[in-house]
Amino acid sequence: MKKILKIIAIVSLIFTSSCGKEKAAIVDNRTAVNVIVSTPTTKNSSFISASGKVEAVQNANLSTRMMGYVNNIQVNVGDKVTKGQLLISINSADITAQKAQVTASILEATAAFKNAEKDYNRFTALLKENSASQKEVDDITANYEMSKARLEAANQMKNQVNAQLSYSNITAPFSGVITGKFVNKGDMANPGMPLISMETPGNYQIISMIPESEITSIRKDIDVTVIVKSTNQVITGKVTEVSTSAKNTGGQYLVKVLLNKTDVKLLSGMFTSVQFPIEKNTESKNETSLVLVPQSALIQQGQLTGVYTIGNENVAILRWLRIGKTFGNQVEILSGLSADEQYIVSADGKLYNGAKVSIQ
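Please read these numbers as outputs of a predicted model, since none were measured by experiment.

Some details on the sheet that holds strand β13 (residues 223-228)
In any sheet, the strands associate via hydrogen bonds between backbone groups, in a parallel or an antiparallel arrangement.
Consideration 1: What the six strands build is a closed barrel, ordered β3-β12-β15-β14-β13-β16; its pairing is antiparallel. Averaged over neighbouring strand pairs, the angle between their axes works out to 40° when direction is ignored.
Consideration 2: When strand β3 (residues 47-56) meets strand β12 (residues 204-211), the two strands line up antiparallel, connected through five bridges. By the bridge assignment, Ala56 is partnered in β12 with Tyr204.

Comments concerning helix α3 (residues 134-168)
Consideration 1: The end-to-end C-alpha distance of α3, which contains 35 residues, comes to 52 Å, matching closely the 51 Å that a straight helix rising 1.5 Å per residue would cover.
Consideration 2: Buried positions along α3 lie against β7 (86-90), α2 (93-128) and β8 (169-171).

Notes on the packing of aromatic side chains
Consideration 1: Scanning the entire structure with this criterion turns up two aromatic pairs.
Consideration 2: Centroid distance Tyr120 to Tyr144: 4.8 Å. Interplanar angle 10°. Geometry classified as stacked. Of this pair, Tyr120 sits in helix α2 while Tyr144 sits in helix α3, and the two are 24 residues apart along the sequence.
Consideration 3: According to the relative accessible area criterion, Tyr144 is buried, its value standing at 13%.
Consideration 4: Three or more aromatic residues link up through ring pairs in this structure, and these residues are Phe113, Tyr120 and Tyr144.

Focus on the pairing of strand β14 (residues 233-242)
Consideration 1: Sheet analysis places β13 next to β14, joined by six bridges and oriented antiparallel. Directly across from Asp223, in β14, lies its bridge partner Lys238.
Consideration 2: Hairpin connection, β13 to β14: the antiparallel pair is bridged by four residues, and Asn232 has positive phi, about 60°.
Consideration 3: Bridge count for β14 against strand β15 (residues 252-259) is five bridges, and the pairing is antiparallel. Bridge assignment links Glu241 to a residue of β15, and that residue is Lys256.

Some details on a nonpolar patch on the surface
Consideration 1: A surface patch of nonpolar side chains, about 320 Å² in accessible area, is lined by Met67, Tyr69 and Met188.
Consideration 2: Along the polypeptide, Met188 turns up in strand β10 (residues 188-189).

Digging into the nonpolar core
Consideration 1: Ranked by size, the top nonpolar core spans 30 residues in total, and within it Leu87, Ile88 and Met198 carry the most contacts.
Consideration 2: Of all the elements in the fold, those that place two or more residues in this core are β4 (59-62), β5 (68-73), β7, α2, α3 and β11 (196-199).
Consideration 3: It is α2 that provides the largest number of residues to this core, a total of six residues.
Consideration 4: Setting aside anything within four residues of it in sequence, one finds Ile88 in contact with Val70, Asn72, Ile73, Ser168, Asn169, Ile170, Val183, Leu195 and Ile196.
Consideration 5: Of all hydrophobic cores here, the second largest spans 25 residues; its members include Ala56, Val228, Val255 and Val274.

Here we look at α2
Consideration 1: Here α2 contains 36 residues, and its C-alpha end-to-end distance of 53 Å stays within 8% of the 52 Å for a straight helix at 1.5 Å per residue.
Consideration 2: Within the span of α2, buried status applies to Ile95, Val102, Ile106, Ala109, Phe113, Ala116 and Asp119.
Consideration 3: Where α2 is buried, its residues meet α3.
Consideration 4: Once α2 ends, the next one or two residues include Asn130, with phi positive near 60°.

Digging into unusual backbone geometry
Consideration 1: One non-glycine residue, Asn130, lies in positive phi territory at about 60°.
Consideration 2: Inspection of the secondary structure assignment puts Asn130 in the loop between α2 and α3.
Consideration 3: Positive phi outside glycine occurs at Asn314, with the angle close to 55°.
Consideration 4: Here Asn314 shows up in the loop between β19 (304-310) and β20 (316-327).

Observations regarding the pattern of salt bridges
Consideration 1: All told, the structure shown has four salt bridges when counted by the stated rule.
Consideration 2: A salt bridge links Lys135 to Asp139; the shortest N-O distance between them is 2.7 Å. Separated by four residues within a single helix, Lys135 and Asp139 lie in helix α3, roughly one turn from each other.
Consideration 3: When its relative accessible area of 42% is taken as the criterion, Asp139 is described as partly exposed.

Brief notes about the sheet that holds β4
Consideration 1: Taking strand neighbours across the sheet as the criterion, the four strands line up as β4-β11-β9-β6 in an open arrangement whose pairing is antiparallel. The sheet terminates laterally at β4 and β6 (80-81), the two strands that pair on one side only.
Consideration 2: Bridge count for β6 against strand β9 (residues 176-181) is two bridges, and the pairing is antiparallel. Considered in β9, the bridge of Val81 is made with Gly176.

Re the packing of α2 against α3
Consideration 1: Close contact between α2 and α3 brings their axes to 8 Å; oriented N to C, the two are set at 160°. Compared by their axis directions, α2 and α3 come out roughly antiparallel. For the element pair α2 and α3, the recorded crossing hand is left-handed.
Consideration 2: A class-by-class count of the residues in the contact of α2 with α3 yields 18 nonpolar, eleven polar and seven charged.

Thresholds applied
- The written sequence of each chain sets the order in which its residues are numbered from 1.
- Residue-level local features of this predicted model are given only where pLDDT is at least 70; pairs of side-chain atoms are given and counted only at 80 or more, and the full residue set underlies all totals for whole chains, interfaces and linings.
- As a rule here, side-chain values cover all heavy atoms of the structure and leave hydrogens and water aside.
- Strand pairing is defined by DSSP finding a minimum of two bridges between the two strands.
- Strands are runs of DSSP state E lasting at least 2 residues, helices are runs of H or I lasting at least 4, and numbering of each runs from the N terminus.
- For helices, the fitted line uses only the C-alpha atoms of the stretch in contact; every axis is such a line through C-alpha atoms, and the angle between N-to-C directions lies from 0 to 180 degrees.
- An expected span of 1.5 Å times one less than the residue number is assigned to each helix.
- The criterion used for residue contact is that any of the two residues' heavy atoms lie within 4.5 Å.
- Only the six-membered ring of Trp is used, alongside the rings of Phe and Tyr, when aromatic pairs are assigned; centres must lie within 6.5 Å, and planes under 30 degrees apart are stacked while those over 60 apart are edge-to-face, with the rest tilted.
- Under the scheme applied here, a residue whose accessible area is under 20% of the maximum for its type counts as buried, over 50% as exposed, and between as partly exposed, the area being computed with a 1.4 Å probe on protein chains only.
- A patch consists of residues exposed above 30% relative accessible area that lack any salt bridge, with like charges linked at up to 9 Å and nonpolar side chains (Val, Leu, Ile, Met, Phe, Trp, Tyr) linked at up to 5 Å.
- All accessible-area figures derive from a Shrake-Rupley calculation using a 1.4 Å probe, and residue coverage is judged against the displayed protein chains alone.
- The term salt bridge refers to a side-chain nitrogen of Lys or Arg lying within 4 Å of a carboxyl oxygen of Asp or Glu.
- By convention a nonpolar core is built from buried Ala, Val, Leu, Ile, Met, Phe, Trp, Tyr and Cys residues, the set being connected through side-chain atoms within 4.5 Å.
- Here the angle decides the label: under 35 degrees means roughly parallel, over 145 means roughly antiparallel, 65 to 115 means roughly perpendicular, and every other value means oblique.
- Each crossing gets its hand from how the near helix is turned against the far one by less than a right angle, where anticlockwise is left-handed and clockwise is right-handed.
- Classes in brief: Ala, Val, Leu, Ile, Met, Phe, Trp, Tyr, Cys and Pro nonpolar; Asp, Glu, Lys and Arg charged; the others, Gly included, polar.

Shape is all these values report; function is a separate question.
Structure, rendered in structure tokens:
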């Protein structure tokens, strides 16, 4: 029992002495990461932004109206061609045989017509001399008209065969560059099937689809700003066509923008962001502004997008965001960051949630 009391006394003495001491201050000895901060930029929202795609103003998908095997393809993708140049040859042996038959029919019809014409002239003269009856002249006249009609029909058949032969030789409708080849030698060409595509480079337009909630704000001949998404380069253009029907476009209205001459390298199929200016509402005193941050400052983790902000005691705090449309190299922030909050633009070391930072 004495031993137990002694142990209790010793523990009590140690506890009392430890409580009397002051707690040692915790010192953060971590090395601070030097960072550069900024606040979001704001931009007037008096425009409509829509996605678009680049295409040449003059372009064509070439096909044929006849069925046959592809005999030869004279060009490859990227080749420059001139108007009227032969591009594809399709087997036309059956049409060539028809042409020979038509030629023979024309010779036969021509001979018959000439003979009928002579008879007509002869009997017309005999009728004037009362050496032929009216019945004989009527018969000869009918034969003459039928022979003339047969010759005309044979000539028209020749024109039809020649037209069919023209479809077996696909030529360039204009000077340009081959952009696509959809058949190979020996393939079967079918009527209406695209065989080859071409375009005239250097003159481009943007095809954009606008929802019905915004189409009424877009006018023809307005100047617009176009941002090429792959390069973030900005070019200008003018609206040349605004569709008034969405019957065949799934509820979207087609708008065409003719691009101005530029040194920016463009290729058909490039995706763009088109900014259509709209009239400002002067009666509205609370005009909304867009909150924008550069894409380089964003952090991607799976499907989440965030940005590092500055927390208490200069530590990095990862803030998750809800983003909107892209404007060049900047992204619209819908929620998660206000216009007056600081965010980290760049750092000279690795950042993580709670990292100590030093603002430069």
